[in-house]
Amino acid sequence: MNKSILIVEDEEAIFDILSYSLRQEGYAVKGAATGHEARRLLQGTRFDLVILDVMLPDTTGFELCKEITASTSLPILMLTARGDIVDKVLGLELGADDYLTKPFDIREVLARVKALLRRQKQDATYQYIPLDHDIIMNPSAHTVLKKNETVALKPKEFELLLLFAQHPNRVFSREEILDHVWSFDYSGGDRTVDVHVQRIRQKLHPALIETVFGAGYRMRRHHR
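Residues numbered from 1 in each chain as written. Predicted model: local features only at pLDDT ≥ 70, side-chain atom pairs only at ≥ 80, totals over all residues. Heavy atoms only, no water.

> Could you give an account of the overall build of the protein chain, naming the residues involved and the relevant values?
The secondary structure content of the protein chain amounts to 8 helices and 11 strands. Residues counted as buried form 47% of the 224 residues belonging to the protein chain. When the accessible surface of the protein chain is totalled, it reaches about 11200 Å², and 51% of it is carbon and sulfur. (Helix = DSSP H or I, 4+ residues; strand = E, 2+ residues; numbered from the N terminus. Buried < 20%, exposed > 50% of the residue type's maximum accessible area, 1.4 Å probe, protein only. Areas by Shrake-Rupley, 256 points an atom, 1.4 Å probe, with all protein chains shown as cover.)

Dropping the structure here:
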């Protein structure tokens, strides 16, 4: 079955370019020009990825991104006409997986879409991963259990935790984390990584991810 992509974009010319190019690559595409339309489609249709413009007539892409990540694990690629690093950081902290600034090269859009869908498929191949502090991950179901209780993680929090879980005791620099989890050239500092690590600690256990001063972060795995 073809992967299905929702494009939330109110500029007709940009939507036409995106939809034509994605269909040429074999994707099924639906479009929404407003946040209201996008919400309606998301409630009634299964999608594998969302391409989301920041500027919409009735809401912002940031608000819609927050709503989507609160209830699903859909990968989100955000588009904006603004190049302000503050916008980029805000979108990523709200759960976006990647970010492109208009005008963009359609070949780069296609490459980012393929990378996000490929990563989603790879995540689904893993089974249960036991962690310390009575925490268990199930990547295929996209769930985390702590003492047999489900803990709600946002998509990027889950992906960051999975990176550490797959590489116990390895130290990752903030730059490596950005490359693995966000997969884009980042020039706005380390705040995004720090915020996501802190959220994981608050939700699961303060000692689950260790700060290695001057180097980055790691998850220690102890033998029991």
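Now that the structure is up, let's keep going.
> Can you tell me about the sheet that holds strand 4 (residues 76–80), naming the residues and giving the values?
On the basis of which strands lie adjacent, the open sheet formed by 5 strands has the order 2-1-3-4-5 and parallel pairing. Each having just a single partner strand, strand 2 (28–32) and strand 5 (98–101) make up the two edges of the open sheet. Averaged over all adjacent pairs, the angle separating strand axes in this sheet is 20 degrees, with direction ignored. In terms of strand pairing, strand 4 meets strand 5 through 4 bridges, oriented parallel. Pairing of Leu79 across the sheet is with Leu100, part of strand 5. Docked against the sheet, helix 3 (residues 61–71) engages strand 1 (4–8), strand 3 (49–53), strand 4 and strand 5, running at close to 175 degrees with respect to strand 4. (Pairing = 2+ DSSP bridges. Axes fitted to C-alpha atoms, helices over the stretch in contact; angles between N-to-C directions. Contact = heavy atoms within 4.5 Å.)

> Break down the sheet that holds strand 6 (residues 129–131) for me, citing the residues and quoting the values.
The sheet built from 4 strands is open, its strands ordered 6-7-8-9 with antiparallel pairing. In this open sheet, the two edge strands, each paired with only one partner strand, are strand 6 and strand 9 (149–150). One ladder, built from 2 bridges, connects strand 8 (residues 143–146) with strand 9; its direction is antiparallel. Opposite Lys146, over in strand 9, you have Glu149 as the bridge partner.

> Any chance you could break down unusual backbone geometry for me, citing the residues and the numbers?
Cis geometry marks the peptide bond from Lys102 to Pro103; its omega dihedral reads -5 degrees. Phi at Lys147 takes a positive value of approximately 55 degrees, unusual for a residue other than glycine. With respect to the element layout, Lys147 can be found in the loop between strand 8 and strand 9. In this structure, Asn148 is a non-glycine residue whose phi angle is positive, near 70 degrees. Checked against the element boundaries, Asn148 lands in the loop between strand 8 and strand 9.

> So what about the packing of helix 7 (residues 174–182) against helix 8 (residues 191–203)? Which residues, and what values?
If you want to describe how two helices pack, look at the angle between their axes and the distance between the axes. Direction vectors running N to C along helix 7 and helix 8 enclose 80 degrees, while the axes themselves pass 9 Å from each other. Between helix 7 and helix 8, the interaxial angle falls into the category roughly perpendicular. For the pair helix 7 and helix 8, the contacting residues are Arg174, Ile177, Leu178 and Trp182 in the first and Thr192, Val193, Asp194 and His196 in the second. Looking at the contact of helix 7 with helix 8, its residues break down into 4 nonpolar, 2 polar and 2 charged. (Parallel < 35°, antiparallel > 145°, perpendicular 65-115°, else oblique. Nonpolar A, V, L, I, M, F, W, Y, C, P; charged D, E, K, R; others polar.)

> Pulling in residues and values, what's your account of the packing of aromatic side chains?
Here the structure, examined in full by the defined rule, presents 1 aromatic pair. Pairing Phe164 with Phe172 gives two aromatic rings, centres 5.9 Å apart and planes at 80 degrees, and the pair type is edge-to-face. For Phe164, a relative accessible area of 0% gives the class buried. (Phe/Tyr/Trp six-rings, centres within 6.5 Å; stacked < 30°, edge-to-face > 60°.)

> Pulling in residues and values, what's your account of the packing of helix 6 (residues 155–166) against helix 7?
Where helix 6 contacts helix 7, the axes come no closer than 10 Å and their chain directions differ by 115 degrees. Crossing angle aside, the handedness with which helix 6 passes helix 7 is right-handed. In this structure, helix 6 uses Lys156, Glu159, Leu160, Leu163 and Phe164 to contact helix 7, whose residues at the interface are Ile177, His180, Val181 and Trp182. (Left-handed = near helix turned anticlockwise from the far one by under 90°.)

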